[in-house]
Amino acid sequence: MGARGRRIAIVGHTGREQVRREAVRLRRRLTRAGAHVHLEQALAAAIEEHGEPLSALARRCDVMISLGGDGTVLSAGRALAGRRGTLLAVNMGGLGFLAAAEGEELDAAVTAVLAGRWRVTTRGGVGARVRRARGGRAQAAGFALNDAVIRSAVSYSAIHLRVSALDHDLGHLVADGLIAASASGSTAYSLSAGGPLVAPDVDALVVTPACAHALGSRSLVLGPDATVHVRVMSPTPALLVLDGQETVELAKDDEVELRIAKPRVRMFENPARPFLRALQSKLGWQGSEKRSL
């Protein structure tokens, strides 16, 4: 296995000079090796070249390489959900928790995945459907690799929600919002709101109230077949936010259905960077022998 004949897409954070420079160099290298390389259109425009829409690249590519931070990974991951292409996430941004490699490891990572030395894992995401108050069937609203969040459209305004799960009414929730995260997303907004860490190979839906107005409102970890129903009770406009990047407007009495989505995202896994090591290096998960003595 190698680069020859492989269809490779490159996406990246267009505001970073390093990304633009490395995208040009990587495309040149892979093209010389016989790969068919295409740039995402926004990245291509940033270097004054021709590119293709992300959705089109996701339909055709064997490998998609993301250059940037976690936001770039999330955009690429949503596009690849249910596709056969595999995502190689390389961090050229900030935290880069979802990345398999850092920027200085780019060449080594690309060589490893094209040689078949890194295994492919799949990540689940959150699927959202919306049933409008005016009636009708619930309509698909989108896919989130990390999390789907229901919150007020008005900044710093609490939202009133009616929540049910496992065919049981959980009552009236007053909070800054409700976060439904995949295992991958458990290390993001849900964690900041007090939710648990979940290993990425666990199929779980983590439901976490954000800044709830009741001390007893805590995270729920539900199985892969569970569905959470959330009805908007507030009269003011609300939003369903997918991965912090895509939004769906909600109104009073609209209902959102949230569950682990059936489409999966294929991602390369770096054997030198397992989940627990990333927790230590990126999120500071560590103990001290002195503190236990």
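Here the structure is a predicted model, which is why all the values come from computation and not from measurement.

Run through the packing of aromatic side chains, naming residues and quoting values.
Counted under the stated rule, the structure contains one aromatic pair. Pairing Phe97 with Phe275 gives two aromatic rings, centres 6.4 Å apart and planes at 90°, and the pair type is edge-to-face. One end of the pair, Phe97, is in the loop between strand E4 (86-91) and strand E5 (101-102); the other, Phe275, is in helix H7 (residues 275-283), and 178 residues separate them in sequence. Accessibility expressed as a relative area gives 22% for Phe275, which makes it partly exposed.

Can you tell me about unusual backbone geometry, naming the residues and giving the values?
When glycine is set aside, most residues are seen to have a negative phi, and most peptide bonds are trans. A positive phi angle, near 60°, is found at Glu48, a position not held by glycine. Although it is not a glycine, Leu166 sits at a positive phi angle of roughly 55°. Relative to the assigned elements, Leu166 resides in the loop between strand E9 (159-165) and strand E10 (168-175). When its relative accessible area of 58% is taken as the criterion, Leu166 is described as exposed.

How would you sum up helix H1 (residues 17-32)? Please name residues and give values.
Its 16 residues give H1 an end-to-end C-alpha distance of 23 Å, which sits within 8% of 22 Å, the value for a rise of 1.5 Å per residue. The set of residues buried in H1 consists of Val19, Glu22, Ala23, Leu26 and Leu30. Around the axis of H1, the buried residues are gathered within 110° of arc, so they sit on the same side. In H1, the exposed residues that point more than 90 degrees away from the buried face are Glu17 and Arg32. Residues of H1 that are buried in the fold lie against strand E1 (7-12), strand E2 (36-39), helix H2 (41-46), strand E3 (63-68) and helix H5 (106-114).

I'd love a proper account of the environment of Ala46, names of residues and values included.
Within the secondary structure, Ala46 sits in helix H2. The partly exposed category is assigned to Ala46, whose relative accessible area is 35%. Distance in space between the C-alpha atoms of Ala46 and Ala183 is 34 Å, their sequence separation being 137 residues. Setting aside its immediate chain neighbours within four residues, Ala46 contacts Thr14 and Arg20.

Describe the packing of H1 against H5, naming the residues involved and giving the relevant values.
For the pair H1 and H5, the least separation of the axes is 12 Å and the interaxial angle reads 35°. Where H1 crosses over H5, the two elements pack in a sense that is right-handed. In this structure, H1 uses Glu22, Arg25, Leu26, Arg29 and Leu30 to contact H5, whose residues at the interface are Leu106, Asp107, Val110, Thr111 and Leu114. Of the residues contributing to the contact of H1 with H5, the split by class is five nonpolar, one polar and four charged.

Break down the pairing of E4 for me, with residues and values.
Summarising burial for E4: six of the six residues are buried, a large majority. A two-sided burial pattern is seen for E4, the buried positions comprising Thr86, Leu88 and Val90 on one face and Leu87, Ala89 and Asn91 on the other. As defined by bridge partners, E3 adjoins E4 across six bridges and the pair is classed as parallel. Along E4, the bridge assignment pairs Ser66 with Ala89. Between E3 and its parallel partner E4, the chain crosses via helix H4 (residues 70-80), and the hand of that crossover is right-handed. As judged from the two bridges shared by E4 and strand E17 (residues 255-268), these two strands associate in the parallel manner. Across the sheet, residue Thr86 finds its bridge partner in E17, namely Arg266.

Criteria and thresholds
- Residues numbered from 1 in each chain as written.
- Predicted model: local features only at pLDDT ≥ 70, side-chain atom pairs only at ≥ 80, totals over all residues.
- Heavy atoms only, no water.
- Phe/Tyr/Trp six-rings, centres within 6.5 Å; stacked < 30°, edge-to-face > 60°.
- Helix = DSSP H or I, 4+ residues; strand = E, 2+ residues; numbered from the N terminus.
- Buried < 20%, exposed > 50% of the residue type's maximum accessible area, 1.4 Å probe, protein only.
- Expected span 1.5 Å × (residues − 1).
- Arc of directions from axis to C-beta.
- Contact = heavy atoms within 4.5 Å.
- Axes fitted to C-alpha atoms, helices over the stretch in contact; angles between N-to-C directions.
- Left-handed = near helix turned anticlockwise from the far one by under 90°.
- Nonpolar A, V, L, I, M, F, W, Y, C, P; charged D, E, K, R; others polar.
- Pairing = 2+ DSSP bridges.
- Right-handed = clockwise from strand over helix to strand, strands pointing away.

Shape is all these values report; function is a separate question.
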